[in-house]
Amino acid sequence: MTLQERVPFDLSTSRPLPNIGPVAMSDWLLVDEAYAGQMATREHLLDTNRDAVLALSERARPAADELLGFVLSHLPEGFCRDGERVTRPDGGQVTLDRADPMGTLGRLVQEDLCLLEKAEGEAEHVLTGAVLCFPAGWRLAQKVMRPLVEIHVPIPEYDDVIAARVQRLFDGVQPGRPLMRFNRLWYDDPTLFQPGPRRDNDDRSDPSTAAYFRSERQCLVRLPETRAVVFSIHTYVMERARALALSA
């Protein structure tokens, strides 16, 4: 497994939850030094454990179709498309399977991609589909088709005030104006696929002794046609000493 040496944000600063701000659309999808290793892991999970890392409700199919086209139009430097085939930065080739939009996306980009939709009459956005190869303490099967508040159980920091602020962010994010935040997690194991489930904060590794730092660069992107919100997650894992040096 390839670990990262850097993150595209300043680890020396910390802001209160939800710790979110604007990011350029051109900086949404990223390719870093761990791309080849992470993509090999993603392909293995999709080939051997697909039910654990991919879910798509019928409700979400139009949004998934739109997302595939949307990602293809925003691929960063290093990708080359020839018709229905895409050559990745690591040289791997992906044939676009329009019948399997989320599976195709899982083989293209490092980011995990979650679709959240809010139908008329619903108070919160609902997780209607995802390709989630690198969960940090949660299981996709237990969260799919659940609203935001239920998705965040048992995170104690996600109280009623934060829940209301997050829902306003999901309601307000506009096409072409994505939002980004990052978190800080400490792990004793660098494995990317760690579904848990985490029952409470006591399940977390001790930050004073954990061997690895894990951070998720999380973005909110509004799809212009279906109006679904994409919650993307780019996962970084690095050795403790490297993370502490970046935090100094």
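Keep in mind that this is a model prediction, so the values were computed, not measured. (Residues numbered from 1 in each chain as written. Predicted model: local features only at pLDDT ≥ 70, side-chain atom pairs only at ≥ 80, totals over all residues. Heavy atoms only, no water.)

**Some words on the packing of aromatic side chains**
This model, assessed by the stated rule, comprises five aromatic pairs. Their ring planes at 85° and their centres at 6.0 Å tell us that Phe9 and Tyr236 sit as a pair that is edge-to-face. Placement of the pair is Phe9 in the segment before strand E1 (21-22) and Tyr236 in strand E11 (residues 229-239), with a sequence separation of 227 residues. This pair shows no difference in class: Phe9 is buried, exactly as Tyr236 is. Where Tyr35 meets Phe79, the ring centres are 6.1 Å apart and the plane angle is 90°; that geometry is what we call edge-to-face. Note that Tyr35 is positioned in helix H1 (residues 35-48) and Phe79 in the loop between helix H3 (61-72) and strand E3 (80-82), a separation of 44 residues in sequence. This pair shows no difference in class: Tyr35 is buried, exactly as Phe79 is. One aromatic cluster is present, built from ring pairs that chain together Phe9, Phe182 and Tyr236. Stacked on the ring of Tyr187, the Lys or Arg Arg214 has its end atom at 5.4 Å from the ring centre. In this arrangement the basic side chain of Arg240 is found over the ring face of Trp186, its NZ or CZ atom lying 5.0 Å from the centre. (Phe/Tyr/Trp six-rings, centres within 6.5 Å; stacked < 30°, edge-to-face > 60°. Helix = DSSP H or I, 4+ residues; strand = E, 2+ residues; numbered from the N terminus. Buried < 20%, exposed > 50% of the residue type's maximum accessible area, 1.4 Å probe, protein only. Lys NZ or Arg CZ within 6 Å of the ring centre and 35° of its normal.)

**Section: the state of the cysteines**
By the definition in use, this model includes zero disulfides. Between Cys114, a cysteine without a disulfide, and Cys133, which holds the nearest cysteine sulfur, the sulfur-to-sulfur distance is 10 Å. By relative accessible area, which is 2% here, Cys114 ends up buried. (Disulfide = S-S within 2.5 Å.)

**Topic: the nonpolar core**
The biggest cluster of nonpolar side chains holds 39 residues, and the ones touching the most others in it are Trp28, Leu67, Met102, Leu113 and Leu115. Elements that contribute at least two residues to this core include exactly H1, H3, helix H4 (101-106), strand E6 (112-117), strand E10 (212-222) and E11. With sequence-adjacent residues up to four places away left out, Leu113 is seen in contact with Trp28, Leu67, Val71, Met102, Leu105, Gly129, Ala130, Val131, Val230, Phe231 and Ser232. Ala55, Ile162, Leu220 and Ile233 belong to the second-largest nonpolar core, a separate cluster that totals 19 residues. (Core = buried A, V, L, I, M, F, W, Y, C linked by side-chain atoms within 4.5 Å. Contact = heavy atoms within 4.5 Å.)

**Considering the sheet that holds strand E5 (residues 93-95)**
Reading across from one edge, E3-E4-E5 is the order of the three strands in this open sheet, with antiparallel pairing throughout. The sheet is open, and its two borders are formed by E3 and E5, each paired with just one other strand. The average angle at which neighbouring strand axes cross in this sheet is 20°, direction not considered. Taken together, the three bridges between strand E4 (residues 85-87) and E5 define a ladder with antiparallel strand orientation. By the bridge assignment for E5, Arg85 is matched with Thr95. (Pairing = 2+ DSSP bridges. Axes fitted to C-alpha atoms, helices over the stretch in contact; angles between N-to-C directions.)

**Some points on the pairing of E11**
Of all eleven residues in E11, ten are buried, a share of seventy percent or more. Two strands pair when backbone bridges link them, and E6 and E11 are joined in this way by five bridges, in the antiparallel orientation. Bridging across to E11, Leu115 finds its partner in Val230. Inspection of the sheet shows E10 paired to E11 by eleven bridges, in the antiparallel sense. Residue pairing for E11: Arg214 is matched across the bridge by Val237. From the end of E10 to the start of E11, which pair antiparallel, there are six residues, and Arg227 there has a positive phi angle of about 70°.

**Focus on the pattern of salt bridges**
With the rule as written, the count across this model stands at twelve salt bridges. We note a salt bridge from Asp47 to Arg107, for which the minimum N-O separation is 2.8 Å. Within this pair, whereas Asp47 is found in helix H1, its partner Arg107 is found in the loop between H4 and E6, the two being separated by 60 residues in sequence. When its relative accessible area of 56% is taken as the criterion, Asp47 is described as exposed. Asp90 is the salt-bridge partner of Arg88, the closest N and O atoms lying 2.9 Å from each other. The buried category is assigned to Arg88, whose relative accessible area is 6%. In this structure Asp90 comes out as partly exposed when scored by relative accessible area, which is 32%. (Salt bridge = Lys/Arg side-chain N within 4 Å of Asp/Glu carboxyl O.)

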